[in-house]
Amino acid sequence: MKILKNTLLALSAVALLGVSISCQETKRGEYAKGSATMFCDDGFRNILQEEIEVFEFSYPGSSILPFYVSEQDALDTLLADGTQGIIVTRELTPEQREYMKEKFKRIVRTHCIAVDAVALITNKKNNVESLSMTEIGDILNGKITRWSQLAGNDTTTIKLVFDNVGSSTVSYMRDKFMPKGAKISNNPHAYAQKNNAGVFDVVKKDPDALGIISVSWLGSDLQNAKNVPVDKRFEDYQNQNDTIATELTTEVNIIKVSNPTEKNDFNPVAYKPYQVYINSGEYPLFRKVYMITTATKHSVLNSFYSFVTGFAGQKIISKTGILPYHMNARVVELK
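Quantities reported herein were computed from a predicted structural model and do not represent experimental measurements.

Thresholds applied
Within any chain, residue numbers begin from 1 and follow the written order of that chain's sequence. Residue-level local features of this predicted model are given only where pLDDT is at least 70; pairs of side-chain atoms are given and counted only at 80 or more, and the full residue set underlies all totals for whole chains, interfaces and linings. Note: side-chain values were computed over all heavy atoms of the structure, leaving out hydrogens and water. Numbering of helices and strands runs from the N terminus; a helix is a DSSP stretch of H or I covering at least four residues, while a strand is a stretch of E covering at least two. For every residue, the accessible area (1.4 Å probe, protein chains only) is compared with the maximum for its type, and the residue is labelled buried under 20%, exposed over 50%, or partly exposed between those bounds. Contacts: residue pairs with any heavy atoms within 4.5 Å of one another. In short, Shrake-Rupley with a 1.4 Å probe defines the accessible areas, and a residue's cover is counted only from the protein chains shown. Only the contacting stretch of a helix is used when fitting its axis, a line to C-alpha atoms as for every element, and angles between N-to-C directions run 0 to 180 degrees. Roughly parallel here means an angle under 35 degrees, roughly antiparallel means over 145, roughly perpendicular means 65 to 115, and every remaining angle is called oblique. The method works on a 1 Å grid over the protein atoms by themselves. A cavity is a set of points holding a 1.4 Å probe that cannot get out, a pocket is an open set with protein on both sides within 12 Å along at least five of seven lines, and residues with an atom within 4 Å of a point line them. Grid points are joined across faces, edges and corners, and a volume is the space filled by probe spheres set on the points. Amino acid classes used here: Ala, Val, Leu, Ile, Met, Phe, Trp, Tyr, Cys and Pro are nonpolar; Asp, Glu, Lys and Arg are charged; the rest, including Gly, are polar. Stacked, tilted and edge-to-face are the three classes applied to pairs of Phe, Tyr and Trp rings, where Trp contributes its six-membered ring and a pair requires centres within 6.5 Å; stacked means planes under 30 degrees apart, edge-to-face means over 60, and tilted covers the rest. Only Lys NZ and Arg CZ are tested; either one counts as a charge over a ring when it is within 6 Å of the ring centre and within 35 degrees of the ring normal.

Turning to the overall build of the chain, a few remarks are in order. Summing up its helical and strand segments, the chain has 12 helices and 12 strands in all. Within the chain, the fraction of its 335 residues that count as buried is 52%. The long-range fraction of contacts in the chain, counting pairs at least 24 apart against all pairs at least 6 apart in sequence, stands at 75%. Accessible area for the chain stands at about 16,100 Å²; split by element, carbon and sulfur atoms hold 50% of it.

Time to look at the packing of helix α5 (residues 133–140) against helix α6 (residues 168–177). Viewed as axis vectors pointing N to C, α5 and α6 meet at an angle of 105°, and their least axial separation amounts to 10 Å. By the angle class used here, α5 and α6 are roughly perpendicular. Seen from α5, the contacting residues are Met133, Ile136, Gly137 and Leu140; seen from α6, they are Met173, Lys176 and Phe177.

Looking now at empty space enclosed by the protein. What the rule picks out here adds up to 2 cavities of 30 Å³ or more. In this model, the largest cavity occupies a volume close to 40 Å³. Along the walls of the largest cavity sit Ile139, Gly142, Ile144, Thr145, Ile158, Leu160, Asn187 and His189, which together make up its complete lining. When grouped by side-chain class, the residues that make up the lining of the largest cavity number 4 nonpolar, 4 polar and no charged.

For Ala74, the location among the structural elements is in helix α3 (residues 71–79). Distance from Ala74 to Ile87, taken between C-alpha atoms, is 7.7 Å for residues 13 residues apart in sequence. Residues within four places of Ala74 in sequence aside, it is in contact with Phe39, Val69, Ile86 and Val88.

This paragraph deals with the packing of aromatic side chains. In total, this model carries 6 aromatic pairs according to the counting rule given. Here the aromatic rings of Phe55 and Tyr59 are separated by 5.5 Å at their centres, their planes lie at 45°, and the arrangement is tilted. Residue Phe55 is classed as buried on the basis of its relative accessible area, which comes to 0%. For the ring pair Phe55 and Phe304, a centre distance of 5.1 Å and an interplane angle of 70° mean the geometry is edge-to-face. Separated by 249 residues along the polypeptide, Phe55 in helix α2 (residues 45–58) and Phe304 in helix α11 (residues 300–309) bring together distant segments of the chain. By relative accessible area, Phe304 is classed as buried at 0%. In this structure an aromatic cluster arises from ring pairing among Phe55, Tyr59, Phe304 and Phe307. In this structure, Arg287 is placed above the aromatic ring of Tyr172, and the distance from its NZ or CZ to the ring centre is 5.7 Å.

The next point concerns the side chain of Ser62. Relative to the assigned elements, Ser62 resides in strand β2 (residues 62–69). With residues near it in sequence (within four places) discarded, Ser62 still touches Ala32, Lys33, Gly34, Phe55, Glu56 and Val300.

This is how it looks when you write it as structure tokens:
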């Protein structure tokens, strides 16, 4: 709730700035002008930044002000009517949707925009290349505490590094691997950072660290795209082709994950979080990403919602390393 208190004045200022413009009537196929806020789980910061830059280039009369927060803060802000748009990994419950309708006269619309993977990363000096789902659970629950229990003679303690206790990444890993009521932060060898960038920086420096991070922070295609002027990027995003991200960063090691179960005949093969393996389910740590809005159809936020869920917006997501929800993955040769 601290985020809510710190941003109410900013939100009010944005609302006053954009209300006279964004309430103007728009015709079918047009985009509204004005400004709006968007609260986004920090794990998807790279995605939202690119979506906003290209959207604002395409529609210079429109402006989106992003707030990168924990998933819980994003949900709390929407439910307090402090924003009309969020990007999170959970849908609102029927009770929450009804609450927004009765208290604020808001109609909730939800669109799955992507399928994200949670990646495990280590320092380049670390020799561990793969983990099973069982081993990951044992690390989170404190049953495996040293690297020597996984590979080699390194007896140092595994330092579990995550972004923050309210993030969608932490919630996902907690719910998937830990008993109800348990917290990753209770692990004596777990260390919280402020955001995903902090996780990445720690892992690059510390050979004993095991980072938990959204794979959207690891795709190099979007980073390379940033070197291209925005008008050229916009042209590329309009092209009707099936280009997807094929490269992940080489600055850290990205752990392969296996999930031998009866369903897959106890297949021990481990996979990296490439889009094709996220799409097939062979990489097991994946979750859906939702864009939720309560904005009216003539608002700038509704225009942004249409952009992100449209072809160009989905192609932007394809550059981040995660899977756009409305584009088909294809198998590519990775060299």
